[in-house]
Amino acid sequence: MQFKHPEILYFLFLLIVPILVHLFQFRRFKKEYFTNVRFLKSISIQTRKSSQLKKWLLLACRLLLLAAIILAFAQPYFDAKDHKNRSNEMYIILDNSFSMQAKGKKGELLKRAVQELLEEAPENKKFSLITNTESYWNTDIKSIRSTLQNIKYSAIPFDLNPILAKINARPGNIKKDIIIITDAVGLNEKQLKNIPETDVSYFIIPKSEQKNNVSIDSVFIDETTNDFYDINVNLSRFGEDIKSVPIAIYNQKKLIAKTVTHLDSPKKTLHFSIPKQAFHGYVSITDNSLAYDNTFYFSISKVKKINIISIGEAQKSNFLQRIYTNDEFNYSNSELATLDYNNLEKQNTVVLNELDEIPQALQITLKDFVQKGGNLIVIPSAKCSAATLNSFLGNFGNIQFKSYETVEKLISKINFNHPLFSGVFENRISNFQYPSTKASFAISNSNSGALIYDDQTAFLSALFTPVSVVYVFSAPINTENSNFQQSPLIVPAFYKMAQFNQNNSINALTIGNTNPFIVNASVLKDGILEVKNSYEQFIPIQQIMNSKVKMTFNDLPQEAGNFEIYNQKQWIENISFNYNRSESNLNQLDNNLLSDYQTSESIESVFRSIQSDRMDNQLWKWFVIFALLFLVCEIAIIKFLK
């Protein structure tokens, strides 16, 4: 037992006062008995015995009464079960990602969690609240009530690592109580390892009643005809009890296609044909689960011709003219001797077609061209030295040309996962008639090849920069050295190489993705591009590159939708943003993942547990009760004991 005010125990010396009074009353006097009172002697002896018992009982009651009062003022107590963590700072992590839209027994998980916090959090308790996007430090439930009631879902998936980094960066070495309110969708063991072992963590895992969900994963152009775009819509099904889902396509607010699909497999692709014109709308489905992944926004710009120039002998470049036709490309060829360097700035893609030498001036110009968003295709010449190629390509990535070998090689593998061939083939073909080369450079390349020889070296590689890509062949592809020009592979390969970073396909960015977006716009030195729609507007990070602007959006915008890009008040381009689909699967939680942590489904139980485990067992009330009891005993002895 311990005392809150142990100095009051010194007053126990006052217990000597009743004892002294009692002894004073017990002093012995010499008595003389007169003859006329001798007959009372026997009665006096009996009365004296009764009086002594009464005085001893009164002394005991008064001593106990005074001792109980002194001990009550000293406030004795027993230490709480968890008294060592009594001074911990409290941090509440609230998951407001879209998976918390799932419905539990009492409604949406996030809304129910907010309501329990408002009801159960101690009014005078200081704490810090951290969500996926916001932080509120050293506040209390009264101050943050309005904020909690208006909290919105975040486009950023729940991740403990950045939130814990914020908490650990706070000043001071005080231990922490970390209360994590999440449905644990996306939670993994790596995140849990970053929780400090010195802190006390609690997981509150609200359970959803409905685990079934359908999401729209992506939309892309499968084929383009003269009048129509054939687009594919990819759906994902999570759960088994899903029979059919209605799906519709809107161009702005105009319905252009609608159907009902039966989800007989976890993944399904639907095919639609839409008019070949500018599109600025969305695909939408209806289900009874999460709402955030039921709409996929996308834009298709008005078809713009891509400017391409090839540098090399006209005879060797004839095959490019057959690929880059006038309906989609502005193609031209220039021999090195007559090349206009100023014309390169206007191009989207440059092809170096078997140049025996690459002048230093051209190397510098092309380096600047690639840095400003232009694509480059390098087809080496057998007469060009490996040193020249390495010096030039070293500006763009880690690739090394070695000796030129006159060994025939067969191109035997297509890397279907390479960005160059994504969406090109419906199925992974195996009986393809692959081309070959009679001679080629041996190269060392850390990047995976798009087309690969039978000896596992790369025939076609890609060096990706933040805003463009450099494609590199390892061998000349003229008809004397290779039959690649007669291969069906040449058309999709060169077509896709020219299309990279061009806004002629679907514009649909994911919020939180840091990949840049290139837009064709002539902006003044101090000018800026603005992105906006009817309910949100923002200015992204941007870099002016001649007639192009590189834009990086990071975590903007806050809400998915269709947006427009403006230069001052002039419309430039349409663009669309969508939420990350990583939280569409509500069945991701591993039941054994949190086995080593304190878990609960209720916020109320956690707060009560913390309060009861850390509250000292106060005893002063019992001593007050004892004091009153001894007082009653004293009064009863005085009144009833003769």
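Here the structure is a predicted model, which is why all the values come from computation and not from measurement.

Novice: Any chance you could explain the pairing of strand S26 (residues 458–464) here in plain terms?
Specialist: Side-chain direction in a regular strand flips from residue to residue, so the side chains alternate between the two faces of the sheet. Burial analysis of S26 places 6 of its 7 residues in the buried class, which makes it a mostly covered element. Pairing of strand S25 (residues 451–453) with S26 involves 2 bridges; the strand directions are antiparallel. By the bridge assignment for S26, Ile452 is matched with Ala458. The hairpin turn running from S25 into S26, its antiparallel successor, is 4 residues long, and Gln456 in that turn takes a positive phi close to 70°.

Novice: What am I meant to see in the sheet that holds strand S14 (residues 267–275) here?
Specialist: One key point about sheets: their strands pair by backbone hydrogen bonds, in either a parallel or an antiparallel sense. The sheet built from 3 strands is open, its strands ordered S10-S11-S14 with antiparallel pairing. Only two strands of the sheet have a single neighbouring strand rather than two, namely strand S10 (213–224) and S14. The mean angle between the axes of side-by-side strands here comes to 25°, regardless of whether they run parallel or antiparallel. Pairing between strand S11 (residues 228–238) and S14: 9 bridges, direction antiparallel. Paired with Phe228 across the two strands is Pro275, which belongs to S14.

Novice: Whenever I open this one, the sheet that holds S26 confuses me. Can you help?
Specialist: One open sheet accounts for 9 strands, arranged S18-S17-S19-S20-S27-S26-S25-S22-S23; its pairing is mixed. Edge positions in the open sheet fall to strand S18 (329–334) and strand S23 (436–437), since each of these has one partner strand only. Taken together, the 5 bridges between strand S19 (residues 349–353) and strand S20 (residues 375–379) define a ladder with parallel strand orientation. Residue pairing for S20: Asn353 is matched across the bridge by Ile379. The sheet contacts of helix H9 (residues 386–393) involve S19, S20, S26 and strand S27 (469–473), and relative to S20 the element is tilted by about 170°. Where helix H10 (residues 490–499) meets the sheet, its contacts fall on strand S17 (306–311), S18, S19, S20, S26 and S27, and the angle it forms with S20 comes to roughly 145°.

Novice: What am I meant to see in the packing of aromatic side chains here?
Specialist: A full pass over the atoms with the stated rule returns 26 aromatic pairs. A ring pair is formed by Phe392 and Phe396, whose centres lie 5.4 Å apart and whose planes are at 90°; its orientation type is edge-to-face. By the burial criterion, Phe392 is buried, and Phe396 matches it. An angle of 65° between the planes, with centres 5.3 Å apart, marks the rings of Phe459 and Phe484 as edge-to-face. Here Phe484 lies in the loop between S27 and H10 and Phe459 lies in strand S26, a separation of 25 residues in the sequence.

Each value, and the rule that gives it
Residues numbered from 1 in each chain as written. Predicted model: local features only at pLDDT ≥ 70, side-chain atom pairs only at ≥ 80, totals over all residues. Heavy atoms only, no water. Buried < 20%, exposed > 50% of the residue type's maximum accessible area, 1.4 Å probe, protein only. Helix = DSSP H or I, 4+ residues; strand = E, 2+ residues; numbered from the N terminus. Pairing = 2+ DSSP bridges. Axes fitted to C-alpha atoms, helices over the stretch in contact; angles between N-to-C directions. Contact = heavy atoms within 4.5 Å. Phe/Tyr/Trp six-rings, centres within 6.5 Å; stacked < 30°, edge-to-face > 60°.

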